[in-house]
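Residue-level listing of the chains:
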Amino acid sequence: MPSVRRFSVPRPVGVSPEGTTPATARAAPARKPAGAVVGVVLAAGLALGGCEYTYDDGRSYAASAGAEATAAPGPLFTRDPLTRDPVGQDELDGWVARTLPEAPQPAVHIGAGVLAAGEVRSDASPVLVTGTYALTLACRSQRRVNFTVRSDTLTLVDLGLRCGINRENVIYLSAPTVLTVTVEARTEANYAFRLRKL
C-alpha cells in the first residue's frame, strides 16, 4: 500500500484556529509593568528637583526679611474722641498756637474763644484794604461749628466745620471792606480764625 504524505496547509492570515474573523476576535491589550512607570516618574521628579537657579542681587537675607516684615499693614488706630473736647479759657491760647501755627504772612485779624452750647458770637475785623486774603478756620468740639463770614453786601463763607480739620478759604476784596465773622455752636466748643493778606 503506497504511503500517504500529509501536508499542513498554512492558515489564512487573520483567521483564528476557531475560525473567527478579526472583527470578532479581541486581542488582549499588552500591559506595561507598573513598576517601570513609577520608576520613570520618580526619576523625572528627582531630576527636576535638583535644578535650581540662584543669583545674587546684592541684598542680604536679613534685609529682605526686614522689608517683608515692614510690608505688612500696621494696626489701625482711631482718633481719640477726647481730643475734640473743648478746653477751658486758661488753655485756649495753647490750643490756638498748636492749631494755627505761624505762617509766612502776618495776620491782620485773629479771633478765638470758648462757646457755650447754643451760643452765637460775632467778631468784626478792622477795615481791610483791597487785595487777596487767606482765612483759616478751626474748632474743637464733639459737633460741627458753624462759621459765617460776611461783608456789608455779601456772604463770603457759610460753613459747618467738622472739628479737628482746619479749613482755609481764599477771599478777594475789590474795595476796602470790614468782614464780620459769626460763630455758632450747638454744644460747647472752642473756635479760632486767622485772616492774613497774601
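Structure first, text after, so check above.
Figured I'd write up the structure that's included with this text. (Residues numbered from 1 in each chain as written. Predicted model: local features only at pLDDT ≥ 70, side-chain atom pairs only at ≥ 80, totals over all residues. Heavy atoms only, no water.)

Ranked by size, the top nonpolar core spans 23 residues in total, and within it Leu135, Leu137, Val145, Phe147, Val157 and Val183 carry the most contacts. When contributions to this core are tallied by element, the ones reaching two or more residues are β3 (131-140), β4 (145-150), β5 (155-161), β6 (167-173), β7 (180-185) and β8 (189-197). Excluding residues within four positions of it along the chain, valine 157 makes contact with Leu135, Leu137, Phe147, Thr148, Val149, Asn169 and Ile171. Core analysis: the next-biggest nonpolar cluster, separate from the first, contains seven residues, Trp95, Val96, Ala138 and Ala192 among them. (Core = buried A, V, L, I, M, F, W, Y, C linked by side-chain atoms within 4.5 Å. Buried < 20%, exposed > 50% of the residue type's maximum accessible area, 1.4 Å probe, protein only. Helix = DSSP H or I, 4+ residues; strand = E, 2+ residues; numbered from the N terminus. Contact = heavy atoms within 4.5 Å.)

Before going further, it helps to examine the pairing of β5. Of the strand pairs in this sheet, β4 and β5 are connected by six bridges, and their pairing is antiparallel. If you follow valine 149 over to β5, its bridge partner there is valine 157. (Pairing = 2+ DSSP bridges.)

Positionally, leucine 159 belongs in strand β5. The class for leucine 159 is buried, based on a relative accessible area of 16%. Between the alpha carbons of leucine 159 and arginine 144 there is a distance of 9.4 Å; along the sequence they are 15 residues apart. Not counting chain neighbours up to four residues away, the residues in contact with leucine 159 comprise Leu137, Val145, Asn146, Phe147 and Arg167.

The sheet built from four strands is open, its strands ordered β1-β8-β3-β6 with antiparallel pairing. Pairing within the sheet leaves two strands with one partner each, and these edge strands are β1 (107-115) and β6. Here the strands of the sheet are splayed against their neighbours by 15° on average, with no regard to which way each runs. Pairing between β1 and β8: eight bridges, direction antiparallel. Directly across from histidine 109, in β8, lies its bridge partner leucine 195. (Axes fitted to C-alpha atoms, helices over the stretch in contact; angles between N-to-C directions.)

A few words on the sheet that holds strand β2 (residues 120-124). In space, the four strands of this open sheet follow the order β2-β7-β4-β5, with antiparallel pairing throughout. The sheet terminates laterally at β2 and β5, the two strands that pair on one side only. Across the sheet, the mean angle separating the axes of adjacent strands is 10° when strand polarity is ignored.

A word on the state of the cysteines. Applying the stated rule across the entire model yields one disulfide. Across a sulfur-sulfur distance of 2.2 Å, cysteine 139 and cysteine 163 are joined as a disulfide pair. Its S-S torsion of about -115° marks the bond between cysteine 139 and cysteine 163 as left-handed, since a negative value means left-handed. A residue pair is termed long-range when its members are at least 10 positions apart, and cysteine 139 in strand β3 and cysteine 163 in the loop between β5 and β6 qualify at 24 residues. As far as the burial class goes, cysteine 139 and cysteine 163 line up, both buried. (Disulfide = S-S within 2.5 Å.)

Attention shifts here to the packing of aromatic side chains. Applying the stated criterion across every chain, the model contains zero aromatic pairs. Between the NZ or CZ atom of lysine 197 and the centre of the ring of tyrosine 133, over which it lies, the distance is 5.9 Å. (Phe/Tyr/Trp six-rings, centres within 6.5 Å; stacked < 30°, edge-to-face > 60°. Lys NZ or Arg CZ within 6 Å of the ring centre and 35° of its normal.)

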